[in-house]
Amino acid sequence: MTDAQGIFKRLKEDHDHHRELLDQMADTSGETEHRKELLEKFTKEVKSHAAAEEQALYSTMMRKPPTTDDTRHSVAEHHELNEALNDLAATDMSSSAWMAKFKQLDHDYRHHIEEEEEDHFPDFEKHLDDNDVAHIEKVFDRRKKEEKAGAEVTPEAKGEGKE
Ligand SMILES: [Fe+2]
Ligand SMILES: [Fe+2]
């Protein structure tokens with residue numbers, strides 16, 4: 001395994017954890033402590049993962065012409081994900097709208113991480129040199145920890161935010 005593969009393995013471990021949390025949330029119903037706890041856990045985990053992924057990996061891929069477009073695409077999806085998480089947090093958990101919004105978020109996020117794993121990461125690997133790999137390794141876990149310490153659930157209905 002090259003060092004670059006190690007980085008992508010690390011990111012995929014996070015994605016597997018996110019899929020587990022999504023499965024658990026899909027099994028919840030109504031306004032329960034369990035659903036609240038899982039949503040908080042998922043939100044903090046995914047926001048910090050996405051932020052650290054941007055700071056460690058995507059910042060590196062952004063400055064390489066062959067991977068700039070895919071980077072823009074993924075970062076835009078992170079932004080949409082944050083909006084969807086905030087909108088879900090602003091939705092009444094006891095309403096059927098909550099599950100409808102959750103299902104959309106579940107679908108969109110699984111698509112995002114599958115695209116990273118199947119399309120982006122294998123391509124990115126070809127463009128990383130040893131310095132990039134060392135940088136990404138150093139930055140990801142440190143940034144994720146710091147981002148997680150500051151991550152919050154920030155309820156905000158879609159369309160209410162400042163543009
Ligand atoms: Fe991502
Ligand atoms: Fe990711």
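Small disclaimer: the values here were computed from a predicted structure and weren't measured. Note that residues are indexed from 1 along each chain, following the sequence as it is written. Chain labels run from A onward and ligand labels from 1 onward, assigned in the order the entries are written. For a predicted model such as this one, the threshold for reporting local features is a pLDDT of at least 70, and the threshold for listing and counting side-chain atom pairs is 80 or more; totals across whole chains, interfaces and linings nevertheless cover every residue. Note that water and hydrogens are dropped before the side-chain values are worked out from all heavy atoms of the structure.

Participant: Could you give an account of the side chain of H120, with specific residues and numbers?
Facilitator: Among the structural elements, H120 can be located in helix 4 (residues 96–125). Working rule for contacts: check all heavy atoms of both residues, and any pair within 4.5 Å makes them a contact. Every residue in contact with H120, bar those within four places of it in the chain, is listed here: Y58, D70, H73, S74 and E115. Every helix listed is a DSSP run of H or I at least four residues long, and every strand listed is a run of E at least two residues long, numbered separately from the N terminus.

Participant: Requested: an account of the side chain of H78, with residues and values cited.
Facilitator: Considering the arrangement of structural elements, one finds H78 in helix 3 (residues 68–89). If we ignore the near neighbours within four places in the chain, the residues touching H78 are A50, E53, E54, Y58, H112 and E116.

Participant: Explain the coordination of the iron ion (ligand 1) to me, using residue names and the numbers behind them.
Facilitator: Angles between donor atoms at a metal ideally measure 109.5 degrees for a four-coordinate tetrahedral arrangement and either 90 or 180 degrees for a six-coordinate octahedral one. Those donors, E53 (OE), H78 (NE2), H112 (NE2) and E116 (OE), are the protein atoms that reach the iron ion (ligand 1), and they lie 2.1 to 2.2 Å from it. Classification of the site at the iron ion (ligand 1) rests on its 4 donor atoms, whose angles at the metal span 85 to 171°, yielding the label irregular. One chain supplies every donor for the iron ion (ligand 1), spaced along it as E-x24-H-x33-H-x3-E. The donor set covers N, O and S atoms within 2.8 Å of the metal, switching to 3.2 Å for Na, K and Ca, and it leaves out water, so a site may look short of donors. Metal-to-metal, the separation of the iron ion (ligand 1) and the iron ion (ligand 2) is 3.2 Å; E53 coordinates the two. Highlighted residues: E53 in helix 2 (residues 33–62) and H112 in helix 4, separated in sequence by 59 residues. All geometry calls rest on donor angles, where a four-donor set with angles between 85 and 135 degrees is tetrahedral, four- and six-donor sets with opposite donors more than 155 degrees apart and all others between 65 and 115 are square planar and octahedral, and all else is irregular.

Participant: Before we move on, could you go through the nonpolar core and cite the residues and values that matter?
Facilitator: M25, F42, W98, F102, L105 and Y109 are the most contacted members of the largest nonpolar core, which has 18 residues in total. Of all the secondary structure elements, the ones that give two or more residues to this core are helix 1 (3–26), helix 2, helix 3 and helix 4. Of the residues forming this core, the biggest block, 6 residues, is contributed by helix 4. Setting aside residues no more than four positions away along its own chain, Y109 makes contact with H15, H18, L22, F42, V46, H49 and L81. Nonpolar core, defined: a set of buried Ala, Val, Leu, Ile, Met, Phe, Trp, Tyr and Cys residues in which side-chain atoms within 4.5 Å join the residues together. Buried means the residue's accessible area, taken with a 1.4 Å probe over protein chains only, is under 20% of the maximum for its type, while exposed means over 50%, and partly exposed covers the values in between. Core analysis: the second largest hydrophobic core is formed by 16 residues, A4, F8, Y58 and V133 among them.

Participant: Describe a negative patch on the surface, and please don't skip the residues or the numbers.
Facilitator: Candidate patch residues must exceed 30% relative accessible area and have no salt bridge, after which like charges are joined if within 9 Å and Val, Leu, Ile, Met, Phe, Trp or Tyr side chains if within 5 Å. Residue exposure ignores everything except the shown protein chains as possible cover, and the areas themselves are Shrake-Rupley values with a 1.4 Å probe. Any Lys or Arg side-chain nitrogen located within 4 Å of an Asp or Glu carboxyl oxygen qualifies as a salt bridge. This count recognises Lys and Arg as positive and Asp and Glu as negative, with His and chain-terminal groups excluded. Here the site of a charge means atom NZ of a Lys, CZ of an Arg, CG of an Asp or CD of a Glu. A contiguous patch of negative charge, built from E80, E83, D108, E156 and E160, is present on the exposed surface. With respect to the secondary-structure elements, E160 resides in the segment after helix 5 (130–150). Looking at E160, the relative accessible area reads 62%, which means it is exposed.

Participant: Let's hear about helix 2: which residues, and what values?
Facilitator: Taking 1.5 Å as the rise per residue, helix 2 with 30 residues should run 44 Å; its terminal C-alpha atoms sit 40 Å apart, in good agreement. Bend, in this description, refers to the angle at a residue between axes fitted to the seven residues ending there and the seven starting there. At E54, helix 2 shows its largest kink, close to 40°. A helix is expected to span 1.5 Å for every residue after the first.

Participant: How would you explain the packing of aromatic side chains if you had to name every residue and give the values?
Facilitator: The aromatic pairing rule takes the rings of Phe, Tyr and Trp, using the six-membered ring of Trp, and pairs them if the centres are within 6.5 Å, calling planes under 30 degrees apart stacked, those over 60 edge-to-face and the rest tilted. If you walk through the whole model with that rule in mind, you get 5 aromatic pairs. For the pair Y58 and F124, a centre-to-centre distance of 5.8 Å together with 90° between the ring planes defines the contact as edge-to-face. You can see Y58 sitting in helix 2 and its partner F124 sitting in helix 4, a full 66 residues away along the chain. Y58 gets classed as buried once you look at its relative accessible area, which sits at 1%. Each ring, one from W98 and one from F102, has its centre 5.6 Å from the other, and the planes form 0°; the classification is stacked. Residue W98 and its partner F102 are located together in helix 4, separated by 4 residues, close to a single helical turn. Pair check on accessibility: W98 and F102 agree, each one buried. Within the aromatic cluster, the residues linked to one another by ring pairs are F8, Y58, F121 and F124.

Participant: Before we move on, can you summarise the packing of helix 2 against helix 3 with the specific residues and values?
Facilitator: Working note: a packed helix pair is described by the angle between its axes plus the distance between those axes. Axis lines are fitted through C-alpha atoms, for helices just across the contact stretch, and the angle between N-to-C directions can take any value from 0 to 180 degrees. In contact at an axis separation of 10 Å, helix 2 and helix 3 are set at 165° when each is read in the N-to-C sense. By the criterion of interaxial angle, the relationship of helix 2 to helix 3 is roughly antiparallel. Helix 2 and helix 3 meet at a crossing whose hand is left-handed. Side by side, helix 2 and helix 3 meet where L39, F42, T43, V46, K47, A50, E53, E54, Y58, M61 and M62 of the first sit next to T68, T71, R72, S74, V75, H78, L81, N82, L85, N86, L88 and A89 of the second. Throughout this entry, Asp, Glu, Lys and Arg are counted as charged residues, while Ala, Val, Leu, Ile, Met, Phe, Trp, Tyr, Cys and Pro are counted as nonpolar. The remaining residues, Gly among them, count as polar. Classifying every residue of the contact of helix 2 with helix 3 by side-chain character gives 12 nonpolar, 7 polar and 4 charged. Here the angle decides the label: under 35 degrees means roughly parallel, over 145 means roughly antiparallel, 65 to 115 means roughly perpendicular, and every other value means oblique. Helix crossings get a hand from a simple test, with the near helix turned counterclockwise from the far one by less than a right angle marking a left-handed crossing and a clockwise turn marking a right-handed one.

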